[in-house]
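This is what each chain is made of:
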Amino acid sequence: MSVSSLFLIVLGLGFIAFVVGQQRAAGYEGDTRLKSLPHHYGFLTAIWSSIPALILLLAWLSFEPVYLQKQIEQSLPVEALNQSEEVLELYMNNIHLAIQNNQAGDDEVVNNAVLHYQRSELHSRSLITALVFVLGLSGIIAGLSRLLFRLHARVSIEKVIKAFLMLCSGVAIVTTVGIVFSVLFEAIRFFEAVSVFDFIFGSSWSPQTSIRVDQVGSSGSFGAVPLFLGTMLISAIALIIAVPVGLMTAIYLSEYASARFRASAKPALEILAGIPTVVYGFFAALTVAPFIREVGESVGLSVASESALAAGIVMGVMIIPFVSSLSDDVISAVPQAMRDGSLGLGATRSETIKQVVIPAALPGIVGGVLLAASRAIGETMIVVMAAGLAANLTVNPLEAVTTVTVQIVTLLTGDQEFDSPKTLAAFALGLMLFISTLVLNVIALHIVRKYREHYE
Amino acid sequence: MQQGLTSEAGSVAGLNNFEATIGENLIDDAKISVRHADVFYGEKQAIFDTSLDIGRNQVIALIGPSGCGKSTFLRTLNRMNDTIADCRVSGSLTLDGEDIYDKKMDPVLLRARVGMVFQKPNPFPKSIYDNVAYGPRIHGLARSNAELDEIVITSLEKAGLFEEVKDRLTAPGTSLSGGQQQRLCIARTIAVSPEVILMDEPASALDPIATAIIEELIDELRENFTIAIVTHSMQQAARVSQRTAYFHLGHLVEVGETSRIFTNPRHQMTENYITGKFG
Amino acid sequence: MNNTEIVKQGLKKRYAREKRFQLYGKLAVLSGFVFLVILLFDITSKAWPAFSVTEILLEIPVDHESLGLSKDSEPNEEALSGINYAGLVKQAIRNVFPEVTKRQQKKLLYRLVSSGAEFEIKQMMGENTDLIGGEPVSVWVKADDDIDTYYKLETVTSRVKGEQVRFIEKLKAEGRIQTSFNIDFFTTSDSREPEQAGIRGALVGSFWTLLVTLLVSLPVGIAAAIYLEEFAPQNKITDFVEININNLAAVPSIVFGLLGLAVFISFFGLPRSAPLVGGLVLSLMTLPTIIISSRAAIKSVPPSLKEAALGLGASHMQTVFHHVLPQAMPGVLTGAIIGMAQALGETAPLLMIGMVAFIVDVPGGIFDSATVLPVQIFLWSDSPERAFTALTAATILVLLAFLTLMNALAIFLRNYFEKKR
Ligand SMILES: Nc1ncnc2c1ncn2[C@@H]1O[C@H](COP(=O)(O)OP(=O)(O)O)[C@@H](O)[C@H]1O
Ligand SMILES: [Mg+2]
């Protein structure tokens, strides 16, 4: 039974249930009036029929691959399982290929595994089909029982809908938990091979040299300091550009520009925020980096073709609108009375802005800068395309550096098996990234909220 | 809402004749002279053909129902309304004979000479000391730190705040109580040694005790400054001012010695207002 | 000296400072614009060669002898596919340049036309079998990408040999070389040969991915927004949910990719590179955007409307679904479009789940291997061939065009319904 026909069964039974419930309610002749309209009873019956079946079906389908994989493994002879990991991986690939193409090969073990797989799949599907039918029909039967009319159908439906709404709002939490666990688990497995200390304080990063499992740790090639430093260098360059420009833009637009200019300039600048990062990456790699290199060489500096400067500048431009719109918000929140106080003493506008408005808005601006920093740290495409892979331990913006995100991408986009230390290292880096951006965000949001309350 | 009420009250009494200001609106040797001033916000006129003199070392109280243009009038005197994009002023306004709206009159300089205290205390996000030192610093009035210290201390003393804050001059201005904050704002204004101080309902956000202190202060300040104060409280106007001007719907209705206005108002609307019939 | 004098003295300096400060402000605003203009100009100028393609006119011999077919029998499918089309093309080129005899030179000669030319011929023959045995057929075939670049940009690159330049001159003189609109850019999928590469596969991949994203994130987002705005009790759990949503909005996109890899692919065993997984990951990313904007839209529905419905005896749930939600829908949709635009431009998380593969086929559904527009940009930008740079830039323009369209739609929707209110 294919997945789509299973869903169709659920749907069909649900429809029957609806008709049954509605017809019964329409033909109801009791001593008291029904509490809800007939179609409410129809829906209620349909819910009884399809929701449990649907939940079961989804859960079943989610865990079926795991079960089937286990079945394949069990079918393999001990010798096959005792092979080295790479070979086993290859073996599995062959089996999956054979299953997909549904053709027999000449390897007895593979054929056996395929057969075993197909048998298990058949079992699994028959069982779930039966279960779906049982659940769907019992819903209909419940709808046929006397029970139906004792209920206030509309209220019951609304309870179900409300539960659904609540569930949906919980997706955010599930996502967060999912992120934490998926990153954490793999990272912990990584830290079983490489010590946390070596990872966080080690100054040499060359995961490519430790392909073999037994080399991990001993070679100490998972020292992430160059990545952290590179990330901070590029982010710092980006912030050095974005913070002054973004802040001055916000100041000019909110304190000086006419309403008309502001109304057209703000959306125009927002365009910068709407451009996909891959476009910035292209621009940084193909236009800005060569340009900087040329300029640098014309004054006798040696500039790497993938300099941190190029990536940093372009990233800075990308976050200008981010900084400016956040600053704009906080600057506008400074009460006019504050400005009046300063102007009334004979201060010029710039004096008022520099000495009163900005200090008053400072907490909010700091919060905005932290958010921008978290943006810069987590930004991926620009650095993947414009910064290098060279894990140099340097703070020279003219040299090539690499970042946490670049390494995550590099480690995970090759043809890797999932469990190699290289891929696990990517998750360890992901964990660092998640923690640092989370901390920055939480602090920033806290500061901004405190600031807002202050001027409420 | 307020506006609706007042105009209704006015029309019910049939008193909407704003022909000319009653009383002694013009005096000799005025510090500030306003002649035939009209103020517009865009299309909307907020002040109509108003002429008024403000005397030297005097306190003049501006009273009237909410929305009648008191704040607007006050803000025209030091060009604070320059900050409002669509605000226009016409007529002649002079400070010691100099045209306030002349091209050559610099608004920065003008505001250094005509200071302003606002309705809500608005200390800067700085220390108490820096709040008071703000004006002298931007204008470069002190040549040394010692001189600046002296300006700050005398200003705080004049504002009657020094004794209360002398041990915590580095504490933020916002850490003070409402009444103290308002006196800080007054000290801040005095520190620039203006010739005129405009006060827009300076005590309306304060409790009675703080209000009493401020009123006392205003009376003392009269020695050195010319003061125009907007107030909602008749008692306050009576206590602190020498002259009183009554505004209604943008028109200056009546001006006179404070004692005379409160004992013997000539215009029916003035009487209605001070006896609490509306406003 | 009195205060007025002192203030007056300092004025000039202070106004100079004021002017300078304003100038900085103007420069800041200007720099943003300048950068935007440079970016767009740079990309457009890089992109334009990709929209045209260089073609070379060849007379393909179609007599039986050249085709290697016998004259007696009708050519069947098998015979047709047995024809040496590459040979035909080579022969046609040789006919244009009879003077070229050396092997070395001939090789250069053959490299004038795209390696895809033989397939063009093959397709043409398959569709018009009656051509067989007739006069040579004149066909414009695509030039090789290096020749294409050279011809369009008129710059000498190291990839075009001096010999070839002379060939091109001759073609020019005989009117055998031209450029025309590169329709294939929109109708073919990825290829190793730039002149044959197009974005159809990536476009369709983006479509499937966005479809999944929309179908998942819109209902869930609206449901969550309704719950939080209308039903959620004021308690710690609700606060926690809100904090979560705000934080998720700021989690780096690549982390969502890690989640997708670990959960959807490794744990649930969903297919790698599939729009299904890409769409799910992007849904989780856009969910905060949609929830936040939907909440704002629901909040902006006047309470009077709600009260009226409640007053008529509708239940809270009915009021929300029959009255509040329809009123809030324009705002909700605006947010959804903006969220979709974000998702359309997103690249990093899709790299994590394997949507970076070289995929020649147009994906037929959400389970097929696919790539998307921004990933295609990333892939091509890495290619050394110069022609791929143009393709990359052109793809960027297409992507930006879609984003512009979506944002314009969002703005239009908002304005339209605001006026209707
Ligand atoms: N910035 C402004 N823009 C437009 N109209 C204003 C502005 N400020 C005040 N007004 C209008 O001018 C009139 C006088 O206001 P105001 O001077 O503040 O009155 P008062 O201080 O006596 O309460 C009111 O009708 C008010 O609505
Ligand atoms: Mg007022």
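Residues numbered from 1 in each chain as written. Chains lettered and ligands numbered in written order. Predicted model: local features only at pLDDT ≥ 70, side-chain atom pairs only at ≥ 80, totals over all residues. Heavy atoms only, no water.

Asks: How would you sum up the packing of helix α13 (residues 275-299) of chain C against helix α15 (residues 316-345) of chain C? Please name residues and give values.
Replies: Residue and element names in this part refer to chain C. Following both chains from N to C, one finds α13 and α15 inclined at 150 degrees, their axes separated by 8 Å at the closest point. The angle between the axes of α13 and α15 places the two elements in the roughly antiparallel class. When you trace α13 past α15, the crossing you get is right-handed. Residue-level contacts link L282, T286, T289, I290, S293, S294, A297 and I298 of α13 to V324, A328, G331, V332, G335, A336, G339, M340, Q342 and A343 of α15. A class-by-class count of the residues in the contact of α13 with α15 yields 10 nonpolar, eight polar and no charged. (Axes fitted to C-alpha atoms, helices over the stretch in contact; angles between N-to-C directions. Helix = DSSP H or I, 4+ residues; strand = E, 2+ residues; numbered from the N terminus. Parallel < 35°, antiparallel > 145°, perpendicular 65-115°, else oblique. Left-handed = near helix turned anticlockwise from the far one by under 90°. Contact = heavy atoms within 4.5 Å. Nonpolar A, V, L, I, M, F, W, Y, C, P; charged D, E, K, R; others polar.)

Asks: Account for the sheet that holds strand β1 (residues 52-60) of chain C, with residues named and values stated.
Replies: All names here are of chain C. An order of β2-β1-β3 is seen for the three strands of this open sheet, with the pairing classed as antiparallel. The open sheet has two edge strands with one neighbour each: β2 (137-142) and β3 (177-181). Ignoring strand direction, the axes of neighbouring strands in this sheet form an average angle of 40 degrees. This element, helix α7 (residues 145-153), spans β1 and β3 of the sheet and lies at about 115 degrees to β1. (Pairing = 2+ DSSP bridges.)

Asks: Help me get a handle on the site of ligand 1, residues and values and all.
Replies: Residues and elements named next belong to chain B. In the vicinity of ligand 1 lie 12 residues, with K44, G67, K70, S71 and T72 positioned nearest. Between ligand 1 and the protein, one listed contact pairs a nitrogen atom with a side-chain N or O atom of Y41 at 3.5 Å. A distance of 2.4 Å separates an oxygen atom of ligand 1 from a polar atom in the side chain of T72. For ligand 1, the accessible surface in isolation is 560 Å², of which the surrounding protein chains cover 66%. Counting residues per element, the shell around ligand 1 draws most heavily on helix α2 (residues 70-77), at three residues. Split into classes, the residues belonging to the shell around ligand 1 amount to four nonpolar, six polar and two charged. (Near = heavy atom within 4 Å. Polar contact = N/O pair within 3.5 Å; in protein donor to acceptor, adjacent residues only side chain to side chain. Areas by Shrake-Rupley, 256 points an atom, 1.4 Å probe, with all protein chains shown as cover.)

Asks: Outline the domain arrangement of chain C, listing residues and values.
Replies: Residue and element names in this part refer to chain C. Entries for chain C in the domain assignment read domain 1 (49-182) and domain 2 (200-420). A separation of 46 Å is found between the C-alpha centroids of domain 1 and domain 2. With nine residues of domain 1 at the interface, the matching set in domain 2 holds seven residues. Approximately 630 Å² of surface area, both sides summed, lies buried where domain 1 meets domain 2, with 72% of it carried by carbon and sulfur atoms. At the junction of domain 1 and domain 2, the tally comes to zero salt bridges. Between the two partners, domain 1 and domain 2, sit zero residue pairs in polar contact (both at pLDDT 80 or more). Residue classes in the side of domain 1 that touches domain 2 are distributed as four nonpolar, three polar and two charged. (Domains from an automatic or database assignment. Buried area = accessible area lost by both parts, 1.4 Å probe. Salt bridge = Lys/Arg side-chain N within 4 Å of Asp/Glu carboxyl O.)

Asks: Describe helix α6 (residues 117-127) of chain C, with residues and values.
Replies: Residues and elements named next belong to chain C. The complete set of buried residues in α6 reads A117, I121, M124 and M125. For α6, the angular spread of buried residues about the axis comes to 95 degrees, placing them on one side. Exposed and facing more than 90 degrees away from the buried side of α6 are F119, Q123 and E127. (Buried < 20%, exposed > 50% of the residue type's maximum accessible area, 1.4 Å probe, protein only. Arc of directions from axis to C-beta.)

Asks: Got a sec to walk through the side chain of B:T231? Specific residues and values, please.
Replies: All names here are of chain B. Its location among the elements puts T231 in the loop between β9 (226-230) and α9 (234-240). A distance of 2.7 Å separates the side chain of T231 from the side chain of Q236, its partner in a polar contact. Sequence-distant contacts of T231, that is, excluding residues within four places in its chain, are made with A61, L62, I63, E201, Q236 and A237.

Asks: Any details on the pairing of strand β2 (residues 30-41) of chain B? Residues and values, ideally.
Replies: The side chains of a regular strand alternate, residue by residue, between the two faces of the sheet. All names here are of chain B. Summarising burial for β2: nine of the 12 residues are buried, a large majority. Note: β2 against strand β3 (residues 44-55), eight bridges, orientation antiparallel. The residue of β3 that forms the bridge with A37 is T50. Between β2 and β3, which follow one another and run antiparallel, lie two residues, and G42 among them has a positive phi close to 65 degrees. In this sheet, strand β5 (residues 87-95) lies alongside β2 in antiparallel orientation, the contact comprising eight bridges. Each bridged residue has a counterpart across the sheet, and for R35 the counterpart in β5 is S92.

Asks: I'd like a description of α13(C), backed by residues and values.
Replies: Helix length check: α13(C), at 25 residues, gives a terminal C-alpha distance of 34 Å against a target of 36 Å (1.5 Å per residue), a fit within 8%. The axis of α13(C) is deflected most strongly, by about 40 degrees, at C:T286, and proline C:P288 appears within four residues downstream. (Expected span 1.5 Å × (residues − 1). Bend = angle between axes of the 7 residues up to and from the residue.)

Asks: Break down the interface of chain B and chain C for me, citing the residues and quoting the values.
Replies: The interface of chain B with chain C comprises 13 residues on the first partner and eight residues on the second. Together, the buried faces of chain B and chain C total about 880 Å²; carbon and sulfur atoms form 60% of this surface. Our count for the chain B to chain C interface comes out at zero salt bridges. Of all elements in the fold, only α3 (107-113) and α4 (128-139) of chain B reach the threshold of two or more residues within the side of chain B that touches chain C.

Asks: Would you mind going over the domain arrangement of chain A in detail, with residue names and values included?
Replies: Its domain assignment divides chain A into domain 1 (3-151) and domain 2 (221-455). Computed from C-alpha coordinates alone, the two centres of domain 1 of chain A and domain 2 of chain A are separated by 48 Å.

Asks: Describe the environment of B:T263, listing the residues and the values that go with them.
Replies: Residue and element names in this part refer to chain B. Tracing the backbone through its elements, the reader meets T263 in helix α10 (residues 258-263). T263 sits 11 residues away from I274 along the chain, and the two C-alpha atoms are 9.7 Å apart. At 2.5 Å, the side chain of T263 forms a polar contact with the backbone oxygen of S259.

Asks: Please give an account of the packing of helix α1 (residues 3-26) of chain A against helix α5 (residues 108-144) of chain A that cites residues and values.
Replies: Residue and element names in this part refer to chain A. One can describe the packing of α1 onto α5 by two numbers: an axis separation of 9 Å at closest approach and a directional angle of 10 degrees. Considering the angle they form, α1 stands roughly parallel to α5. The residues of α5 that touch α1, namely those facing V3, L6, I9, V10, L13, I16, A17, V20 and R24, are R125, I128, T129, V132, F133, G136, L137, I140, G143 and L144. Of the residues belonging to the contact of α1 with α5, the class tally is 14 nonpolar, three polar and two charged.

Asks: So what about the packing of aromatic side chains? Which residues, and what values?
Replies: Residues and elements named next belong to chain B. Inspection of every chain in the model, using the stated rule, returns 27 aromatic pairs over all chains. Residues F73 and F247 carry aromatic rings whose centres are separated by 5.3 Å and whose planes lie at 45 degrees to one another, so their mutual orientation is tilted. Here F73, found in helix α2, pairs with F247, found in strand β10 (residues 243-248); they are 174 residues apart in sequence, far enough to count as distant. Per residue, the accessibility class of F73 equals that of F247, and both read buried. (Phe/Tyr/Trp six-rings, centres within 6.5 Å; stacked < 30°, edge-to-face > 60°.)

Asks: Describe the interface of chain A and chain C, with residues and values.
Replies: At the interface, 76 residues of chain A touch 74 residues of chain C. Carbon and sulfur atoms supply 79% of the area that chain A and chain C bury against each other, a total of about 6400 Å² over both sides. The largest contributions to the chain A side of the interface with chain C come from A:L165, A:F282 and A:F283, which together make up 10% of the buried area. Counting across the interface, chain A meets chain C through one salt bridge.

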